[in-house]
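# Residue-level structure breakdown
Residues per chain, in single letters:
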Amino acid sequence: MYRIIEARFLAPEVKLFRLEAPDIARKQQAGQFVIVRVHDHGERIPLTIAASDATTVTLIVQGIGKTTRLLNTLEAGDAVRDLVGPLGKPSEIHYYGTAVVIGGGVGTAIAYPTAKALKYAGNRVIAILGARTRDLLILEAEMREFCDEVRVTTDDGSYGVKGLVTDQLEALVNSPTPPDFVLAIGPIPMMRAVAEVTRAPGIQTVVSLNPIMVDGTGMCGGCRVVVDGRSQFACVDGPEFDAHQVDFKILSARNAMYRAAEQQALADLNQHPPELHRCRLADAQPGAVTPP
Amino acid sequence: MTNNNPLPPKERMKIPRQRMPEQASAERRVNFAEVNLGLSAALAHQEALRCLHCKSHHCFTGCPVGVKVKDFIELVLAGDFLGAAAKIREDNVLPAVTGRVCPQEEQCEGCCVLGKNGEPLAIGYLERFVADYERQSGRVGLPPRAPLTGKRVAVIGSGPAGLSAAGDLVQRGHEVTVFEALHELGGVLIYGIPEFRLPKDIVRQEVENLTRMGVEFRTNVVVGRTVTVDELLGERGYHAVFIATGAGLPVFLNIPGEHLCGVYSANEFLTRVNLMKANQFPAYDQPIYDCRGKDVAVIGGGNTALDAVRTAVRLGAKTASIAYRRSEVEMPARVEEVKHAREEGVQFVMLTNPTEFLGDDRGWLTGMKCQQMELGAPDKSGRRRPVPRAGSDFVMPVQVAVVAIGNQGNPLVQSATPDLRTNPLGYIEADPDCLKTSKRAVFAGGDIVTGGATVILAMGAGRRAAQAIHDYLSHGTW
Ligand SMILES: Cc1cc2nc3c(=O)[nH]c(=O)nc-3n(C[C@H](O)[C@H](O)[C@H](O)COP(=O)(O)OP(=O)(O)OC[C@H]3O[C@@H](n4cnc5c(N)ncnc54)[C@H](O)[C@@H]3O)c2cc1C
Ligand SMILES: Cc1cc2nc3c(=O)[nH]c(=O)nc-3n(C[C@H](O)[C@H](O)[C@H](O)COP(=O)(O)OP(=O)(O)OC[C@H]3O[C@@H](n4cnc5c(N)ncnc54)[C@H](O)[C@@H]3O)c2cc1C
Ligand code: SF4
Ligand code: FES
């Protein structure tokens, strides 16, 4: 069991967790993720490590389906059954000049550690943060701490500029000093749109892909994505790939593979109050196996 | 050893090979419970009576780890089932597992003299019988542990190679920690081989025995990511490392359409069901594509393919087929699995090679374009090479396809350990006898060295490694 030290909502359905995992914390590099299994009957889901200190890792979770909603019912003092990592290749951090980091929704949490590392490498970092509405915007203050510029867009205009992140990106691309590098993390349509904006001017663009995973170690191949016409395992070859080479259509289709089951699981969860599930978590026996 | 057989050889040869009691095929098609139910003591005795007690114990040489077959059969005849189990355990620490999954027809039973004119002695059934008897008696004789040596060994991977090495090393007084990437222990025995062939409780019991003997297990540790081999040997204070990470990287066909929804690797398909219990969704959270009413094709002819196709049957597939590019005689799967699969209604589409997966506009699999093959001259493996027949293309309508054409070594450990020599296929190079690698204090064995092989070979490698590690730790010379 891995203990939760801190848990708080950053926005509706978006919760930050700090978990005790010294081995993972020590090794974590920007761009890497963990696989979490919440309880004894739980599935394995990938979540990016947003930050780490000497003994804990921070995860930021958007509750969209059964597992993430269940996770978001947990509080400090609770524990998750399994936590493994750090997985995936670390982000490639170089000095590019001007780097634009785009975060859509919870993608901002995934982009946060890499944005910080890019700044640390000497880049001028411009963040573009997009959200549907003001309440859903996360990590703005944290990004402002180190970014040279932060632009916010909301779909409904309730905060920042009304519009899409790509509007801001286009403005930057067409400015006298276009960016040298773009990192975009968010919903698939957003990443695809970003790739189209930077393709013609040939600006190096990286996206972090979120295919469905099981083991996260290269064992199952379920996370395969098509990049440059070739099959790659996102959990070991990624999750970051060249945006201009990614086949987003295939990714979208594959991510919908379990939609019926996911909807059923979520409906079940809504019918049975999460308290019930919490009890089962508490009952779960630590077993003969101790975490490292 | 005394001969406990009261019958003269002629009489023994008249006794037919005892049949394994099993769940009826109609019944087992809809459950995941074990198919074989095990021999009773009476059946076991009757089968053991068939042993000719040959002077030249061929059976013994047929077993890759040299289980003293004739001797344990004698003990079965004497009614000393615990003694028989102990006799097997001298050479094989996982008898309840191997009695179920060894390809006996190619090993011990393949060498049995009775097989020359009739059916060989059912050595696997008997091995399983005594191991189950021992387990159910609750009197598994745990070997005594030698005084502590103060030496620490890290074992990477908890498959049969890792488990058997851990058992031998802990007995010799070393401190042993097994690191496992997944959240459950047992390797392929847990995530690959299905419950209906190998109940998971048996594997858990073996792990439990090792825990009682003093082995420490750490799940959720991916060596190469969470910790490296150099850190284990350095700051973590281990004196030796045994790498037993198996051949866990799925090979795909590399044909168009492999990304379509509904196309799985056997590893994913089996892991979702065996490890994650997707067959019990929604009681368990991990789903699997609903196979009910679907046509499922599994590509391959080994144990993995047979396990996948029989899993599909149990998930409610309308049709479940094996598509294999050679003919049935070349199929590497255990004979018993092929028989069981056929009884369960699996169709065998032989000499068939998929060339493309076809999908609809939503990205879902609808069919598999195949070509028919014929067998040409033998290839390196000695099996006749399949060659395509011109103009033989046809489309097999399928909505789920499972690719089970083999695995490669997972490169995670190797890529984080640059001074570990690997061969062009990505497997770790190790001395076949002492299992030493190119890196001091690091040993490797099982599928990560040989490529996908068998449980008994992995177990044997684990035991040889334990011996070599013990020698190294005792003398300190590499
Ligand atoms: C490398 C990586 C890093 C990620 N980091 C974060 C993060 O930091 N914060 C965050 O909130 N989310 C993150 N995600 C997404 C997160 O894993 C999914 O939202 C989560 O698995 C959904 O599970 P669910 O049961 O709640 O929802 P479900 O109802 O099961 O699924 C909702 C959607 O999530 C996706 N999904 C479902 N199961 C999985 C799975 N096992 N693996 C991956 N995706 C799945 C599917 O596209 C599905 O349509 C990341 C994904 C990847 C691949
Ligand atoms: C579906 C299937 C059916 C089979 N049926 C049979 C059969 O009937 N009879 C038979 O004899 N053989 C069978 N085999 C083959 C047999 O299971 C293998 O040869 C045997 O399990 C190999 O043992 P191993 O210990 O080398 O590796 P594995 O059993 O593969 O175990 C390796 C373990 O190492 C872990 N690991 C990998 N990388 C890391 C890492 N970096 N850090 C930590 N842990 C790691 C893995 O998660 C795994 O648990 C079958 C195989 C499969 C896949
Ligand atoms: S371990 Fe396998 S090959 Fe050896 S005697 Fe037992 S069943 Fe036969
Ligand atoms: S998640 Fe299984 S191979 Fe990537």
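Refer to the structure presented above.
Figured I'd write up the structure that's included with this text. Residue indices follow the written sequence of each chain, beginning from 1 at its first position. Both sets of labels track the order of writing: A upward for chains, 1 upward for ligands. With pLDDT at 70 or above as the cut-off, local features in this predicted model cover only qualifying residues; side-chain atom pairs require 80 or more to be listed or tallied, and sums for whole chains, interfaces and linings still use all residues. Processing note: side-chain calculations cover all non-hydrogen atoms of the structure and skip hydrogens and water entirely.

So, about the overall build of chain A. The secondary structure content of chain A amounts to 10 helices and 16 strands. Residues classed as buried in chain A amount to 58% of the 292 residues present. In chain A, the share of contacts with a sequence separation of at least 24, taken over all contacts with a separation of at least 6, comes to 66%. Averaging the positions of the 29 positive and the 33 negative side-chain charges in chain A gives two centres separated by 2 Å. Strands are runs of DSSP state E lasting at least two residues, helices are runs of H or I lasting at least four, and both sets are numbered from the N terminus onward. Accessible area is worked out with a 1.4 Å probe on protein chains only. A residue is then buried under 20% of its type maximum, exposed over 50%, and partly exposed in between. It only takes one pair of heavy atoms within 4.5 Å for two residues to be counted as in contact. Charge counting treats Lys and Arg as positive and Asp and Glu as negative, with His and both chain ends excluded. Every charge is mapped onto a representative atom, which is NZ of Lys, CZ of Arg, CG of Asp or CD of Glu.

For the rest of this paragraph, the subject is helix α15 (residues 303-314) of chain B. Taking 1.5 Å per residue as the helical rise, α15 of chain B with its 12 residues ought to reach 16 Å, and the 17 Å between its terminal C-alpha atoms agrees with that figure. Those residues of α15 of chain B that sit buried are A305, L306, D307, A308, V309, R310, T311, A312, V313 and R314 of chain B. What a helix is expected to span follows from its residue count: subtract one and scale by 1.5 Å.

Nearness is defined per residue: one heavy atom within 4 Å of the molecule or strand is enough. With respect to spatial proximity, the complete set of residues near ligand 3 consists of C63, P64, V67, V69, N92, T98, C102, Q104, Q107, C108, E127 and I456 of chain B. Looking at side-chain class alone, the shell around ligand 3 contains seven nonpolar, four polar and one charged residues. When residue character is reported, Ala, Val, Leu, Ile, Met, Phe, Trp, Tyr, Cys and Pro are called nonpolar, Asp, Glu, Lys and Arg charged, and the others, Gly included, polar.

With that settled, the discussion passes to the sheet that holds strand β3 (residues 216-218) of chain B. Residue and element names in this part refer to chain B. Spatial strand order, β3-β2-β1-β4-β16: five strands in an open sheet with parallel pairing. Each of the sheet's edge strands pairs with one partner strand only, and the pair in question is β3 and β16 (442-444). Pairs of neighbouring strands in the sheet enclose a mean axial angle of 20°, with direction left out of account. Whenever a helix is involved, its axis is fitted only over the stretch in contact; in every case the axis is a line through C-alpha atoms, and angles between N-to-C directions fall within 0 to 180 degrees. Each of β1 (152-156), β2 (175-179), β3 and β4 (240-243) is contacted by helix α10 (residues 160-171), which is oriented at about 165° to β2, the strand it contacts most. At least two bridges found by DSSP between two strands are what make those strands a pair.

Residues and elements named next belong to chain B. Only Phe, Tyr and Trp rings take part, Trp by its six-membered ring, and two of them pair if their centres are within 6.5 Å. Stacked means planes under 30 degrees apart, edge-to-face means over 60, and tilted covers everything else. Under the counting rule described, the total for this entry stands at 13 aromatic pairs over all chains. Considering the side-chain rings of F179 and Y238, the 5.9 Å spacing of their centres and the 80° angle between planes classify their relative orientation as edge-to-face. One end of the pair, F179, is in strand β2; the other, Y238, is in the loop between α13 (229-233) and β4, with 59 residues separating them in the sequence. Classification of F179 as buried rests on a relative accessible area of 2%. You can call Y238 buried: its relative accessible area is 6%. Geometrically, the ring pair formed by Y289 and W364 is tilted, given 4.9 Å between the ring centres and 45° between the ring planes.

Residue and element names in this part refer to chain B. Close to ligand 2 lie 34 residues, the nearest being V101, A161, E180, R197 and D447. Separating an oxygen atom of ligand 2 from a side-chain N or O atom of E180 is a distance of 2.6 Å. Within 3.5 Å is the distance limit for a polar contact, defined as a pair of N or O atoms, with the added protein rule that one can donate a hydrogen and the other accept it, and that residues adjacent in sequence qualify only through two side-chain atoms. Between ligand 2 and the protein, one listed contact pairs a nitrogen atom with a backbone N or O atom of A181 at 3.1 Å. Methods summary: accessible areas were calculated by the Shrake-Rupley approach with a probe of 1.4 Å, and residue burial reflects only the protein chains presented. Notes on ligand 2: free accessible area 1,000 Å², of which the protein chains cover 95%.

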